[in-house]
2 protein chains.
Amino acid sequence: MTGRTDARRNRARLVEAARELFAEVGADAAAMNDVARRAGVGPGTLWRHFPNKEALLAEVVGQSLDGLAELAAELLRTEPEGFLRRWVDALVAHITRNRGLAASFMRAAEHGEGPLGTRCHAVELAAAELLARAQELGEARADLTAAELIRLATAVAWTSEATEGDPVRMLDVLFEGIL
Amino acid sequence: MTGRTDARRNRARLVEAARELFAEVGADAAAMNDVARRAGVGPGTLWRHFPNKEALLAEVVGQSLDGLAELAAELLRTEPEGFLRRWVDALVAHITRNRGLAASFMRAAEHGEGPLGTRCHAVELAAAELLARAQELGEARADLTAAELIRLATAVAWTSEATEGDPVRMLDVLFEGIL
DNA sequence: ACCTGAACACCGTTCAAGT
DNA sequence: ACCTGAACACCGTTCAAGT
């Protein structure tokens, strides 16, 4: 948090450039050097700020990923039923928004490592709370795990990367099994 | 089918080398040049025989993919119930066997193009037959499509690429919804 | 006809040189 | 401290030269 203005400005520029490029061509297809060029810095600067692509991705999707945890708390308060489906819809929508995120998210959620890993952990905790409540109400099968729920939701999100179709139908089928 | 011995031998060597390398490091991580080197030929020879990686992949997984169609017919004859789940298990097992196949399979099954595409079409026809019979028996929800079934099965198979866990639980949850 | 392998373009990643 | 950008390794892909 030292090196004043230019470092901070470069970092912000990099995240912004990454967000744009990821949105345009997908997180997997985006070249790191292109991110740097778009941000107007050298490749070295990019690597200094973010040691790998996942770190950059984590920064780009970070806030909205945190938003999922907040959404869970809110749904528990306001939505007496159907909150689990609502939340999974939101999760899938979020993953789908960044093409190429599904694979990284799955890896991070599974191993829990890396900068995305810690964010995923928060998401999983939120899922666990929702799931527990849903199971109390009989709205979800009792043997389902939060990790499994996220795995399945991520898989469905991945589906629509190749499919171009909306994942609603997939989720319908999935939830008939979950409840 | 002209150019005699060496061409045929090279082709066979390439497929064999690809099968080995795909099994070792995954179809996505395997470098085309490495396949050529392992086969003892130049890169150009590889590209002459297979215009892209998908063509090579199609050749490697071809027979077992065709085997799925045969299995469907056999299950319809011998297995009075539970044949749909049996077949989907086999499909998932097959995709899981080659790490990196899931993504290619999904693309091919969706768009129907390329050398994998035609194989996938045969698989989908087999799935449609099984599904129709299962729906008659009330073992599958009536609004489910063969394409959707394959999409879901492929998604589950993809799950276990990152997870290292077996996909049985995922399929259990899925089928509770399907039936 | 078919094969070879050098060559090009591209991308991830590093690092010596600058300020 | 931080940035720059040349440089290296690697991989997909092509193609002129060979047989």
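Our subject is the structure listed above.
Remember, predicted model here, so these are calculated numbers, not experimental data.

A separate point is the interface of chain A and chain B. Contacts between chain A and chain B engage 25 residues on the former and 25 residues on the latter. Interface area for chain A against chain B, summed over the two sides, is near 2300 Å², with a carbon-plus-sulfur share of 69%. For the interface between chain A and chain B, the tally reads four salt bridges. A salt bridge links E148 of chain A to R169 of chain B, with the nearest nitrogen and oxygen atoms 2.6 Å apart. Where chain A meets chain B, there are four residue pairs in polar contact (both at pLDDT 80 or more). Within the residue set of the side of chain A that touches chain B, elements represented by two or more residues are α6 (101-111), α8 (146-163) and α9 (168-178) of chain A. Among the elements that line the side of chain A that touches chain B, the one with the most residues is α8 of chain A, at nine residues. Here the side of chain A that touches chain B is composed, by residue class, of 12 nonpolar, five polar and eight charged.

With that settled, the discussion passes to the protein's contact with DNA strand C. Within the structure, DNA strand C sits among 20 residues, and M32 and W47 of chain A together with N10, G44 and T45 of chain B are positioned closest to it. Taking the atoms of DNA strand C that fall within 4 Å of the protein, sugar and phosphate contribute 61% of them. G44 of chain B places a main-chain nitrogen or oxygen 3.1 Å from a base oxygen of DNA strand C. A distance of 3.5 Å is found between a phosphate oxygen of DNA strand C and a side-chain nitrogen or oxygen belonging to H49 of chain B. Mapped by element, the contributors of at least two residues to the surface near DNA strand C are α2 (32-39) and α3 (43-49) of chain A together with α1 (5-25) and α3 (43-49) of chain B. With five residues, the single largest contributor to the surface near DNA strand C is α3 of chain B.

Scoring rules and cut-offs
Residues numbered from 1 in each chain as written. Chains lettered and ligands numbered in written order. Predicted model: local features only at pLDDT ≥ 70, side-chain atom pairs only at ≥ 80, totals over all residues. Heavy atoms only, no water. Contact = heavy atoms within 4.5 Å. Buried area = accessible area lost by both parts, 1.4 Å probe. Salt bridge = Lys/Arg side-chain N within 4 Å of Asp/Glu carboxyl O. Polar contact = N/O pair within 3.5 Å; in protein donor to acceptor, adjacent residues only side chain to side chain. Helix = DSSP H or I, 4+ residues; strand = E, 2+ residues; numbered from the N terminus. Nonpolar A, V, L, I, M, F, W, Y, C, P; charged D, E, K, R; others polar. Near = heavy atom within 4 Å.

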